[in-house]
Structures are given as C-alpha cells and as structure tokens.
Amino acid sequence: MRVSLIVILLSFSFPLLAQQDLLFVDEQGVLRRKADQKEQAFFGVNYTLPFAYAYRHVKAMGLNPEQVIDADVYHFARLGLDAFRVHVWDTEISDGEGNLLNNEHLRLFDYLIKKLKERNIRILITPIAYWGNGYPDKNERTKGFSDKFNYHKKKLVTNDSAIAAQVNYIKQLLLHINPYTKLSYRDDPSIIACEINNEPDHGENDRQTTEYIDRMADAVRSIQWKKPVFYNISQAYRNEDAFLAAKVDGLTYQWYSNGLVANHTTPGNTLPYVDKYIFTYKDRPGFASKARIVYEFDAADVRSTYMYPAMARSFRSAGFQWATQFAWDPTPLAYANTEYQTHYLNLSYTPAKAISFLIAGKVFHHVPRYKNFGGFPADTTFEEFRVSYKENLSELNTDTAFYYSNNTGTMPKSPAKLKHIAGVDNSPVVNYAGTGAYFLDQVVPGVWRLELMPDAVTMKDPFTDAALNDTATYIIWQKHRMQLQLPDLGKQFRVIQLNKENKFSGSNSDDGGFVTGPGTYLLTAKEVNLSSLKLKMPIGMKEFYAPASMQLPATKIFAETPREHTAGLPLKLTVSALPMPEGEELQLEVNGNKLPLVKQSAYNYEVVIPAAQVKEGDMQLAVSLKSNGIVIKVLKSVRVINRAQKYELFNAAQIQKDSLLNSWWRIKKFPDWNKRTHYDFVTKGENAATYQVSADTFNFDIPFIGWQYSCNMPAFTEQLRDNKACSTVKLRGSAAIGQKAVIRLILVDRDAHSYSHTLTLDGTDSTYDLPVSSFTRSPFLLVPRPYPMFLPLWFMSNATAPLQISAIEKIQVVYMPEENPGVTGPQGYAIEAVWAE
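Predicted, not measured: the structure shown is a model, and the values here were computed from it.

Draft legend 1. Layout of helix α10 (residues 307–317). Buried residues dominate α10, accounting for 10 of its 11 residues. For α10, the complete set of buried residues consists of Met307, Tyr308, Pro309, Ala310, Met311, Ala312, Arg313, Ser314, Phe315 and Arg316. Immediately beyond the C-terminal end of α10, within one or two residues, lies Gly319, with a positive phi of roughly 95°.

The structure is reproduced here in structure tokens:
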C-alpha cells in the first residue's frame, strides 16, 4: 500500500544553540548547563528513518526521506519534545576497519540533525548499535565491522581487532563535519552527549568490562570531546560494579515496563508496572556521582493512554534527567506498524497516545527530581496531573494549559486564563465529533490558532503480526463539528484558513460552533493583521502536516468481542465500520437473529444483545448489510457461561480449545524464555485437560515458576451478577512431579488489589475448597516481567479493599522452591480449573 504525504511546511527561524549551552555532569551526578549551572531535563523519542528498515521502505514507497523527516520532526516540536536519540546503524556507515563511509545514510542523519537543531531538540548520539540492518526483514550483508564480526556482541567488546575498529570509527564519526550545519558532531552544541554503544553484552569478567569502557571513553575524549560520555548499565544487570568503576560521566537505562512483543494488546491495569523505578545498587561506590538517563522506554503492546505520564513521574522520582521513548513510527509506515510492532506512537495514527506523550513531557519537565508521590493508587494524581485506568485517560490541568488524552468531564482549573488546549474527544471546553488530535493555542486574547488532525480509525489490533499490506489504522479526512467554550473567544468569531493547501473553507461562528476539517486555522473574535502574529512556540503559524486520506475498496469491520460472557446478562458490543455506503445500515446477526447496529459516532456502531438471547454455549456473531443481508465480517464467537452456580476463572480444557482462536495469549508465563522450564496443556479426556508447569532446576535465572491468566474481560466484570453469595474459591489440580507441591493462588482485581492463598497439592487430581475469607493481602507477580531485570518483580497496592470475585481481572499460580524445602530435581504442578461458588 502506498501512503501519500501532504506536507505544508513554511520557513521559520529560531535562535540556534551556542557554545555556552554545552552541558556537564557535576560531582553529584547532576547534568547541568555550563553557562548558568542550571539543572537540565529532556524528554523525547528515538527515530530511525535514516537507517535500516525505515529507510528501505520509505524509499520503496517512492517517497522523499527529507520530506518525511521534515514532517515527523515538526510533530516532535508540536508535542513539545526536546530530546532525540537513536542507535546509529554503524553497519551501514562503516567498513570492516571502522572507517566512516560518507553515504546516503550518513547524509540523511546529518539532515535529521539539522532539522532537530532548528527546533531546539537536543541529541544524544549513540554511535554503535551492533545490530544488523534487517529487522523485521532479513539482514543485508554490509561492509561494516559489526557485520565482519557476525554481530557477536561479546566478541565485539573483547576482540582486540573489533575494539580497534570501534575506536577508529567512533573518532571519525564524532569528528565528521555535518554539511548542513557546518559543524562536527563534537562541536555542535545541540549534540549534548555521547552514549558509546547500544545494549552491550559483557559477560562476567569485571576487569575486562571496565577496561573496554575506559578504552572507548578515552578514545572519545582523545579528540577533545568536552561533553558528557555515557555507558549502558541496565542491559548487563549482574556485574554493576564493573560499570560503576568505569571513567564515564553517566549511565544509561531502559524501561520496558511490561515486557516486549506480546503479539497482542496487553489487557488489564498496567499502572502497577510503572509505579516506581528502583535501583538495587544505589548505595555502591560510583553510583551517586554519575548522571542517569533513559535511552529507551515504552509501555509496549499497550493501546491505553494513561501510561506515559506515570512513567515520566517515576523517572523523575528516580532522578533521571533524560528520557527518550522507543520508537516513534515514521509516518509513512505507521498505518501498518511494521517497523517495531511491539511499539506504536505517532501523532497522526495514535492521536490519544500522542497527547498522553505530550502530557508526559510536561510531567518530566515539571516534576522535581526525587519527588515522591507515594505508591499506587495515591500517585495516580500528582501535581497538576492525573492518570486513570478506568477512564483510559491522562490529564494536565493548570491555570493556562488543559490537555487530555480521552473524553473527560474535568473542568479546566481557570477557563478564562487558558492559553493552550490539546486533546482527543470531548471536554467541557471542546466538543468534537472527529477522532484526530486537536491543538488550540492562544496567540493574543481573542485570537487562537487551531490545528486539527485528520481522523485515525483503528481497524485491527496493531500489536498482532504486522505486514505492509495489512492496515492497522486508517487516516480519514472528514468534516466534523467543533463546539468551543472559550471566554475570550466568545460565541461569535471568524474561522480563517492558514495552511496553504487547506481544502476546507473557513466559516463564521454565531454559537461557538463550526464545521471544518484537517488543517490550521485562526479563530478570531476581532480584526487582526496576520503578518504581525507570532507563536511563542517552535512551530510556524501556518505549518501543518498530515498523511493523505486512505481509501478502502469495500466496507471494513473491526470489533473486539469478549471471549466469555455470563448467560442471562445483556451484552453490549461496539463495531467500527468504514467506509459506509450512502444510506446503508448495519445489523448484527446473533445465532441467526438480527439486531440493528445503531450509529454512535463517525465510525462506531453499538448494539445491546438482549438477555434472553444470551444463552449458554458459543454465541456466533456476524455483521451484515441490512439492505441485502450480505455478511461483511464474521466476528469471533463468544463463549457464554452459565454462572448461576459458579463463576469460572480458569478452565484448562476450554483454553486449550480456544487456543485455535488465539485466546491462548491470555496466559503469561514466568520465566518464559528458559529451556529448563516447561509449560504444557495435557489432555485428560474429551472435556478435561490440565495446564502443567515444571522446572528441571531452580537457580538465579529460575527463582520460581508460575503463570498468569487474564480471566475477566470488561464485558464480564462490568455486568457480572452480584457475588455476595460467593464464599468459596475452588481449585482442581495436582502436583505434577512427586507427591506434593506447595503453590500460591493469587487473585488480582482491576484496581490492582491482590490476595493470595497458599495450599498444598497432592499427587492425584483433587478439588480444594478455599474460603474467600482465608485469602489475605499479598503481592502479585509482574508478568510479563519488566526490563531491565533488576526492577521489582512483585507489586502490592498501598490501598486495601475486600476481595470481590466479580472484580478479579487475573489469577496467578506460583511455585516457590523455598516453600517446598527438601525437594530436589524436577518440580511442578498441574491446574485443571479455578472457580468460585
């Protein structure tokens, strides 16, 4: 699929950084500006377009890479970002001896640096990636030294020839003169620091590790590099002392809070995963004097819009001064999310997440280092910020700014003082029928600049298998009504087009409302001289960029049905559809019955399946056209469970059956990457199976074994019957190896309250009755596990609440060797079912 670009970028100028803007790290490990000693903070993204997959496929689309860079960097500035980092693909710009190749990749990187510099976005340069240039394609053979040494990370940091090539290369790269800026990377003040390499693997030899780091740092400083030098410590989490002893100014860290590459959207409340960033070695020599930066972070596989501000808060509480998300999707590739399918961030294609990221940047710059806001859930409201799992919302509310990532009923703090508004959906000051992001910035009292992005319509889970011919999100240019409640603008104002190629004519408002489409506009309650107006922002008044509208050959349907629902309870479903033929209507077919789908918004339709039609068994669903009955989409069936007598939480036989329908993803294992652990469904008859877990041995890598199952989806938890009569949790299972196995059954609700019961399983299948009253507050396991691996693996909420089965969101079953003393050799357990009565 070819994605067109619509780019309107007008020239503008901002003061460039001068040599006095150079930064340094003081003796307390604080990054400061030399000119005035002020403490610094930077927040932004990684972005890869000059290299590898992004470069190849943008070129294959017939697009101009410079125009793509122009547009994406404009969006960085639009979101207020001031930090950029990427691991340079050394394999594409070096030869086997480390000589720098002056080629198209290097030229585009130079151009990107120029555009970032124009927007006052600072740059952390990471010269060595060690990666091949293929992912997610196959690697290409190159002339580079990393290719020469087969991308073997341990060899690249221990082999003398490999190190010599790196020394040669890093000197040449940092002395390279950018033809666009006329400055070397060494002398360009917008490049604030050097991170020597990306995610090295040093093994266990501490002396060799320190010697390598020092040798590379000495090479950087030998060319009169006067800026900070950083090195990655979080990838190798066992021999921290070797890194702390090295002659670098700071250390770099990552945070992938809930794992990577789940191949689906992660369900449930993920705020506990980002409650705190904790160092296990903060009291060791060398730690306090080194600055801390986050080179990469993301809440991977998460579509929700509340995570980024919470991560930014935790970064500041831990003392970080730089954080760059990995990775911004180059806009021409974002429709399919193919570059890194576990990540998804782009203003055009993920507008709500992008506004959440804007808010996160404000958090990072506003919250003082080391400020503590308590633990979850108290820390979901902090300073002028709020995050909410239930509302899927991030929010900033100050006297002059009001930002929100989703529909909100919060009143702005001081409506008459507002100068900046950004959001998606509706609020008390903006009512908008479209799905794209919008920005309102006051130019002078009574005059506002409106920037309106086109609609983004998600039509598949963007974290499933990605391909360029499989669109995850569609861009639609559509007119919608916008209603404003801005005191200084009033009800009567003019709407004037600003960007040159704006296809939507301006209009006047008599009631605070108007209809328009994507573009930039001036909203004015008085006569103004356009040439005299300027924004106090790193963007031009008439600048605008958005991808072109995408055309579909036929109506496309997207709906995420619950895997399970309770018999006898009505079931509400939401269906997204585009494009819809003029005058056509949709209907939902439910086991042969037909119900009208009612349009709720531009692209969404709803239906409530009556309780009488929600009967035990598999509910077959399809969407069809009302006019002719032609089925457009067969939806995933819903398993309707009779919960009149019991509430099923886990059923191995049904999950084994459902694995063909891709619901197996709801089981998350720990550890899930070790060959000495085993997770298997074992069939025990026509309608019976167990989920069997075992480990050959326990050690540092395998401290325990366990799994998590996301048992209750929202359609179930919101409509489940009153569970006051539910007094017992029942578990059917056995010890898988040996005569007995002591396990923990942990129940976690949607507010992250957790409760556990420890029980002993016999060697034969048995049913165990566990009174609800016997469950006690306890921590739960964070799986998928956070990276880096020194971060806490267990979490317990500071709040208390009684255990309610209807609120349980996931269950965990864990086997701890310390709770099974005297047992040697392989150990494990098997679970057939968990339910409550």
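Structure's up, so let's keep going.
Draft legend 2. Broad picture of the side chain of Glu240. Mapped onto the secondary structure, Glu240 falls in helix α9 (residues 240–244). One polar contact links Glu240 to Arg284, side chain to side chain, over a distance of 3.4 Å. In contact with Glu240, other than residues within four places in its own chain, are Ile233, Thr280, Tyr281 and Arg284.

Draft legend 3. Structural context of the sheet that holds strand β24 (residues 480–484). Read from one edge to the other, the open sheet built from 3 strands follows the order β19-β24-β27, with strand pairing classed as antiparallel. Every other strand in the sheet has two partners, leaving β19 (430–432) and β27 (513–516) as the edge strands with one partner each. Between one strand and the next, the sheet's axes are offset by a mean angle of 20°, whatever the strand orientation. Summarising the sheet, β19 and β24 pair through 3 bridges and their orientation is antiparallel. In the sheet register, Tyr432 faces β24, and the bridge partner there is Met482.

Draft legend 4. Focus on the packing of helix α2 (residues 65–78) against helix α4 (residues 104–118). At a minimum axis distance of 10 Å, the contact between α2 and α4 shows a crossing angle of 30°. The angle between α2 and α4 falls in the class roughly parallel. Considering the relative orientation of α2 and α4, their crossing is right-handed. Between α2 and α4, the contacting residues are Pro65, Glu66, Ile69, Asp70, Val73 and Phe76 on the first element and Arg107, Leu108, Tyr111, Leu112, Lys115 and Leu116 on the second. Taken together, the residues of the contact of α2 with α4 break down into 8 nonpolar, no polar and 4 charged.

Draft legend 5. Local environment of the side chain of Ser405. Position of Ser405 among the secondary structure elements: in the loop between β17 (401–404) and β18 (420–423). Separated by 2.7 Å, the side chains of Ser405 and Thr305 make a polar contact. Within the local environment of Ser405, its side chain forms a polar contact with the backbone nitrogen of Ser394, the two atoms lying 2.8 Å apart. Beyond its immediate stretch of four places on either side in the chain, Ser405 contacts Thr305, Ala352, Ile355, Ser356, Ile359, Asn392, Leu393, Ser394 and Val424.

Draft legend 6. Main features of unusual backbone geometry. Going from Tyr135 to Pro136, the amide bond is cis rather than trans, its omega being 0°. Residue placement: Pro136 occurs in the loop between β6 (122–126) and α5 (145–148). Here the residue pair Val783 and Pro784 is connected by a cis peptide bond, since its omega of -5° sits within 30 degrees of zero. With respect to the helices and strands, the residue Pro784 is situated in the loop between β51 (780–781) and β52 (794–795). Despite not being glycine, Ala52 shows a phi value in the positive range, around 50°. As for its position among the elements, Ala52 is in helix α1 (residues 52–60). Positive phi, close to 60°, is recorded for Asn150, a residue that is not glycine. Tracing the sequence through the fold places Asn150 in the loop between α5 and α6 (153–156).

Draft legend 7. Geometry of the packing of α10 against helix α11 (residues 351–366). The N-to-C vectors of α10 and α11 enclose an angle of 20°; their axes lie 7 Å apart at closest approach. Relative to α11, the element α10 is oriented roughly parallel. For the element pair α10 and α11, the recorded crossing hand is right-handed. When α10 is examined against α11, the residues Tyr308, Pro309, Ala312, Arg313, Phe315 and Arg316 are found in contact with a partner set consisting of Lys353, Ser356, Phe357, Ile359, Ala360, Val363 and Phe364. Grouping the amino acids of the contact of α10 with α11 by side-chain chemistry returns 9 nonpolar, 1 polar and 3 charged.

Draft legend 8. A look at the environment of Lys38. On the secondary structure map, Lys38 appears in the loop between β3 (31–33) and β4 (42–46). In the structure, Lys38 is positioned 355 residues away from Leu393 in sequence and 33 Å away in space, judged by C-alpha atoms. Leaving out residues up to four positions away in the same chain, Lys38 has contacts with Leu31, Arg32 and Arg33.

Draft legend 9. Highlighting the sheet that holds strand β38 (residues 621–625). The antiparallel open sheet is built from 4 strands, whose spatial order is β34-β33-β38-β39. Because the sheet does not close on itself, it has two edges, and the strands there are β34 (593–596) and β39 (631–634). For this sheet the average axis-to-axis angle between neighbouring strands, irrespective of direction, equals 30°. Summarising the sheet, strand β33 (residues 586–590) and β38 pair through 5 bridges and their orientation is antiparallel.

Thresholds, definitions, all that
Residues numbered from 1 in each chain as written. Predicted model: local features only at pLDDT ≥ 70, side-chain atom pairs only at ≥ 80, totals over all residues. Heavy atoms only, no water. Buried < 20%, exposed > 50% of the residue type's maximum accessible area, 1.4 Å probe, protein only. Helix = DSSP H or I, 4+ residues; strand = E, 2+ residues; numbered from the N terminus. Polar contact = N/O pair within 3.5 Å; in protein donor to acceptor, adjacent residues only side chain to side chain. Contact = heavy atoms within 4.5 Å. Pairing = 2+ DSSP bridges. Axes fitted to C-alpha atoms, helices over the stretch in contact; angles between N-to-C directions. Parallel < 35°, antiparallel > 145°, perpendicular 65-115°, else oblique. Left-handed = near helix turned anticlockwise from the far one by under 90°. Nonpolar A, V, L, I, M, F, W, Y, C, P; charged D, E, K, R; others polar.

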